[in-house]
Amino acid sequence: MKLQRMFYSIAATAVLGAISFAAAAQETIKIAYIDPLSGPMAATGEHGLHEFQFVAEQINARGGVLGKKLEIVPLDNKLSPQESQIVLKSAIDQGVRYVTQGNGSSVAGVLIDQINKHNARDPANAVVFLNYAAVDPDFTNSKCSFWHFRFDANSDMKMEAMTNYMAKQGSVKKVYVIGQDYSFGHQVARAAKEMIKAKMPGAEIVGDELHPLAKVKDFAPYIQKIKASGADTVVTGNWGSDLVLLIKASKEAGLDVNYYTYYAAVVGTPTALGESGAGRVKIVSYGSSNLSPKMEQYRMDYQKKHGAKSDPYTYAAKNALEMLTKAMTQAGSAEPLKVARAMEGMKMEGPFGEMEMRKVDHQMIQPLFIATFAKAGVPGNKFESEGTGFGFKDDAKIDNYVSAQPTSCKMDRPQ
């Protein structure tokens, strides 16, 4: 009898827990944030989490969406595709219907595949993937999915903008391409070599190197190779600790080259650059606080919460949640299929210009910008990065129609 009472007690607790979770699920719209929150890339993952939480708080403060609040659910994937599958399943089992991720195209590829399979098996509980920074172009080409929406420019779009700018400088003669050895790094290297050859026939590729993702502790040997090559320009898609350590080794060796990067503004990198990076390190991005009065207040509010040395730069977090909110309002529902259909082809006035979620492949089309790390507090470069006294001065704007690349996407849409 005692054992039977214990069984009923456990069963009742489980039911109450399920009811409690169901009630909570009705009160909030949960968005799983799947990114590294431990390990060498944790700083990047944590920064993205803070920005998503900050934007969700802003949306909630003005009433949320459909009478509900947004809730960001952090899930540590340790930058592992295998771990990502586990936490994704856990999130889906708990009723989460929206997922966001950005650190690592190797992870994004797995999430797209697993979400496609889940949605085919269980369409009544479909999941939408809001990709804020995984930029492998295949995700909006051969691997495009109705359930995947990318809010960052893909790596080919960024390289198109970057190489257009490089070609106009007339000073690029010898280029060393270095990147991380996974899908994104391979795509950056391919695009760099193709576009430099096409746009700068006088330039020579003097190095083409891939290194393990988040494994290298000392980049000094790589810097010595770059020095020996005689390169005047380095092109890299490195991010997180791989970029911070690359810049650190370059600084220590006194390497005198121009760096063209995708992620020089990412947490830790401006500090690693310091004065030695001024005038020599460039970035291609989809915006900066210098470009938009609306984002000045956003920046000040964010720093009030997270500290003066914490720079908001993951603007895709804001764009993704604002467009999601707009789509839910337009659909009059938080049901993923209805929301996904509402987001297709949706236009929105973003902080840096008009944005469009291209219907054919779910790639965000938006203006891109080239900026140079330079002394802050001067006209055109109002904001410093990480309290260094330096920030990113905007040099050029690349309009939507220039950076947008054609797509080979043949998307299967649910009936």
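Scroll up a little and you will see the structure.
Only a predicted model underlies this, so the values are computations on that prediction, with no experimental measurement involved. (Residues numbered from 1 in each chain as written. Predicted model: local features only at pLDDT ≥ 70, side-chain atom pairs only at ≥ 80, totals over all residues. Heavy atoms only, no water.)

Side note on helix α10 (residues 293–306)
Thinking step 1. Taking 1.5 Å as the rise per residue, α10 with 14 residues should run 20 Å; its terminal C-alpha atoms sit 20 Å apart, in good agreement.
Thinking step 2. Along α10, the residues classified as buried are M295, Y298, R299, Y302 and Q303. Buried residues of α10 fall within an arc of 130° about the axis and therefore sit on the same side. Away from the buried face of α10 by more than 90 degrees, exposed residues P293 and K304 are located.
Thinking step 3. For α10, the elements touching its buried residues are α2 (42–61) and α11 (315–331).
Thinking step 4. Among the residues trailing α10, G307 stands out with phi positive, at a value near 110°. (Helix = DSSP H or I, 4+ residues; strand = E, 2+ residues; numbered from the N terminus. Expected span 1.5 Å × (residues − 1). Buried < 20%, exposed > 50% of the residue type's maximum accessible area, 1.4 Å probe, protein only. Arc of directions from axis to C-beta. Contact = heavy atoms within 4.5 Å.)

A short note on the side chain of D394
Thinking step 1. On the secondary structure map, D394 appears in strand β15 (residues 390–398).
Thinking step 2. Although D394 is buried, it forms no salt bridge, and the closest oppositely charged side chain is K393 at an N-O distance of 8.0 Å.
Thinking step 3. At 2.9 Å, the side chain of D394 and the side chain of S288 are in polar contact. (Lys, Arg positive; Asp, Glu negative; His and termini not counted. Salt bridge = Lys/Arg side-chain N within 4 Å of Asp/Glu carboxyl O. Polar contact = N/O pair within 3.5 Å; in protein donor to acceptor, adjacent residues only side chain to side chain.)

Concerning the packing of helix α3 (residues 81–93) against helix α4 (residues 105–121)
Thinking step 1. The interhelical angle for the contact between α3 and α4, taken along N-to-C directions, is 40°, at an axis separation of 9 Å. Relative to α4, α3 is oriented oblique. Crossing of α3 against α4: the hand is right-handed. Mapping the contact onto sequence places P81, S84, Q85, L88 and I92 in α3 and S106, V107, V110, L111, Q114, I115 and H118 in α4.
Thinking step 2. Looking at the contact of α3 with α4 residue by residue, the classes come out as seven nonpolar, five polar and no charged. (Axes fitted to C-alpha atoms, helices over the stretch in contact; angles between N-to-C directions. Parallel < 35°, antiparallel > 145°, perpendicular 65-115°, else oblique. Left-handed = near helix turned anticlockwise from the far one by under 90°. Nonpolar A, V, L, I, M, F, W, Y, C, P; charged D, E, K, R; others polar.)

A few points about the packing of aromatic side chains
Thinking step 1. With the rule as written, the count across this model stands at 16 aromatic pairs.
Thinking step 2. Aromatic pair Y33 and F52: ring centres 5.8 Å apart, planes at 55°, arrangement tilted. Here Y33 is found in strand β1 (residues 28–35), whereas its partner F52 is found in helix α2, with 19 residues between them in sequence.
Thinking step 3. Three or more aromatic residues joined by ring pairs form one cluster here, namely Y182, F184, Y262 and Y263. (Phe/Tyr/Trp six-rings, centres within 6.5 Å; stacked < 30°, edge-to-face > 60°.)

A few points about the pattern of salt bridges
Thinking step 1. Applying the stated criterion across every chain, the model contains 18 salt bridges.
Thinking step 2. Salt-bridge contacts for D208 lead to K193; the nearest nitrogen and oxygen are separated by 2.5 Å. Here D208 is found in strand β7 (residues 204–211), whereas its partner K193 is found in helix α6 (residues 183–199), with 15 residues between them in sequence.
Thinking step 3. Among the residues examined, D208 registers a relative accessible area of 43% and is labelled partly exposed.

A closer look at the side chain of E386
Thinking step 1. Locating E386 in the fold gives a position in the loop between β14 (368–375) and β15.
Thinking step 2. It is K309 that comes nearest to the buried, bridge-free E386 among opposite-charge side chains, at 9.0 Å.
Thinking step 3. A distance of 2.6 Å separates the side chain of E386 from the backbone nitrogen of G268, its partner in a polar contact.
Thinking step 4. Of the polar contacts made by the side chain of E386, one reaches the side chain of T271; its length is 2.5 Å.
Thinking step 5. Those residues in contact with E386 that lie beyond four places of it in its chain are V266, V267, G268, T269, P270, T271, K309 and D311.

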